Amino acid sequence: MKRLLCCFLGIALLLTGCGGKPAPVSEGGADKLLSHLTDSTNEEYLLTEDAELDLTDAVIASDRTVLLQKGVTLKLVGTFTPGSGCIAVRAGYEGGDKPTLDLSALGFRVDDEQEATLFEIRSDVELVAPQAQERLLVDTSGNEWTSIKSVLPREDDSQDDEPQDDSPQGTYEVSTQEEFSEFIVNADTQQIMLNNDLTVALGGTALTHDVFVICNGHVLTLTGELNMKGGILDIGDNPDIEGGKVDISGLTVTCDSDAYKKDTGDILFIGMNFKQIIGEPTLGEELIYEIPDSGEHASVKLKEVITTPEQHEAKLQEDMTQYLSGADIPGGVGISAEFLADGVLEINLDNPVIDHEIGVMIDGGMKLILTGSVTFDGGLYAFELARDSSGTATVDITGLKINGTKALGDTKSPDIFKITGNNVDFIFNESDPHIEVVQNEYFWLRYVQ
């Protein structure tokens, strides 16, 4: 049994490689970088000086890793034709100023049938995103990595000479209220990225699909009425910029509850610190507005109609199983001891693949037992004591079979468990050859190939 001390809201995962067998590293400037990207060895390359590299005609046939030294800027230019490999870029040091990867001058020539991840950029690198292009997606949904992906065209895209539908789809950058109002109601819009501070008057806007809004350090002011009719609005900030704000003091949120499943959680989620959120919305009678004690986010959700502790425990078991299996439940799931008859909650996992950080707050005096199996693919589980709780909580994973993908320690982090605070006891199989303990300022369980 280990007593653990670390910070749940701490810095990004440690940058060390997979336990005991790090990939060999060579270093230098731009003169050797191109040959590194186009070869097929397991070697990583540390760029030690600013460089501009033309990727025109470069063939990336295997996954490659580039490390950037402190203060270094790598600018990629030309027209890049993706191959079968992915380029992972991360910092080659701990702490200090972030290096920069600049893709603003890089064009992409994507094959009609190609759907793949082209770049993975870790959060310890400042990213200058590529110019918007059809078939190109900048995916910032991960906690640790930003992905540049090529996506397939929509199945209903016309292939003949008839006039094409120019309606917005996918991810869009907006600079005006008119653009925001137009894109948010379009069923094909998945993500909106702000280029300016915006004040948007919603005149009874009906949201029937899920939309993620990224403030990119700007201020978003929402006024008027937003009618939730089956969709979920998720508002967050770019983790590499931060400092954005959301003003909802003049917003009214109404809801068609029949458009949502009974177990729907948050329908409006603001993934920002409470200091970045201005005011509270006016709500319909079937809705509630919540900010947890941690102040990490705010949300509007449907009022639950649960009356007995047994019903609460059953719902908690169902929600926690889905959440620990990777289901997107905005705001996460906390475990409250008052709804557990014996203070114990056992979750059996059916080998989900975890590719993002999943955080859980636990009340003191209770025990969480994980059984079954799980496969980690760059994600991790993070547990901490609820901030309004006292005593000691226990997490027991001795009955959990742990697997890892081949990418761990190469292009993806090998860290798989993180426990925060000195009030959580963590029990695990210390003889498992695939588990390594790393403890300094932080405590991690790391997967070893």
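Predicted model, so just to flag it, every value in this text is computed and none were measured.

Q: I keep staring at the sheet that holds strand β21 (residues 266-270) and nothing clicks. Help me out?
A: Strands pair in a sheet through their backbones, by hydrogen bonds, and they do so in one of two ways: parallel or antiparallel. What the seven strands build is an open sheet, ordered β14-β15-β17-β19-β21-β25-β24; its pairing is mixed. Two strands bound the open sheet, and with one partner strand each, they are β14 (170-174) and β24 (287-290). Neighbouring strand axes in the sheet, compared pairwise and without regard to direction, differ in orientation by 15° on average. One ladder, built from three bridges, connects strand β15 (residues 189-194) with strand β17 (residues 211-214); its direction is parallel. Note that in β17 the partner of Gln191 across the bridge is Phe212. Across the face of the sheet, helix α2 (residues 177-184) comes into contact with β14, β15, β17 and β19 (233-236) while running at roughly 165° to β14.

Q: Teacher, can you tell me more about the sheet that holds strand β10 (residues 116-122) here?
A: Strands sit in the order β2-β3-β5-β7-β10-β13-β12 across an open sheet of seven strands; the sheet is mixed. The strands lining the two open edges of the sheet, one partner per strand, are β2 (25-28) and β12 (136-139). On average, each strand axis in the sheet is tilted by 20° relative to the strand beside it, whichever way the strands run. Where strand β7 (residues 87-91) lies against β10, three bridges are found, and the strand directions are parallel. Bridge pairing in β10 places Ala88 opposite Glu120.

Q: Is there a simple way to explain the nonpolar core in this structure?
A: Counting 39 residues, the largest nonpolar core has Ile335, Tyr381, Phe383, Ile397 and Phe417 as the members making the most contacts within it. Among all residues touching Phe417, those that are not within four sequence positions of it are Phe376, Leu380, Tyr381, Phe383, Ile397, Leu400, Ile402, Phe426, Phe443, Trp444 and Leu445.

Q: Looking at this model, I keep getting lost on α2. Mind explaining?
A: The periodicity of an α-helix, 3.6 residues per turn, causes residues three or four places apart in sequence to face the same way. Phe180, Phe183 and Ile184 are the residues of α2 that are buried. The arc enclosing the buried residues of α2, seen along the axis, measures out at 95°, which places them on a common side. Along its buried surface, α2 packs onto β14, β15, β16 (198-207), β17, β18 (219-228) and β19.

Q: How should the packing of aromatic side chains be read in this particular structure?
A: Using the criterion set out here, one finds ten aromatic pairs in the structure. Centroid distance Phe376 to Phe417: 5.7 Å. Interplanar angle 70°. Geometry classified as edge-to-face. Here Phe376, found in strand β29 (residues 367-376), pairs with Phe417, found in strand β33 (residues 415-420); they are 41 residues apart in sequence, far enough to count as distant. For Phe376, a relative accessible area of 0% corresponds to the buried category. On the basis of an interplanar angle of 50° and a centroid distance of 6.3 Å, the ring pair of Tyr381 and Phe383 is categorised as tilted. The pair Tyr381 / Phe383 is uniform in exposure class, with both members buried. Here the aromatic residues Phe376, Tyr381, Phe383, Phe417, Phe426 and Phe428 are joined through ring pairs into a cluster of three or more.

The rules behind the values
- Residues numbered from 1 in each chain as written.
- Predicted model: local features only at pLDDT ≥ 70, side-chain atom pairs only at ≥ 80, totals over all residues.
- Heavy atoms only, no water.
- Pairing = 2+ DSSP bridges.
- Helix = DSSP H or I, 4+ residues; strand = E, 2+ residues; numbered from the N terminus.
- Axes fitted to C-alpha atoms, helices over the stretch in contact; angles between N-to-C directions.
- Contact = heavy atoms within 4.5 Å.
- Core = buried A, V, L, I, M, F, W, Y, C linked by side-chain atoms within 4.5 Å.
- Buried < 20%, exposed > 50% of the residue type's maximum accessible area, 1.4 Å probe, protein only.
- Arc of directions from axis to C-beta.
- Phe/Tyr/Trp six-rings, centres within 6.5 Å; stacked < 30°, edge-to-face > 60°.

These values are about where atoms sit, not about what they do.
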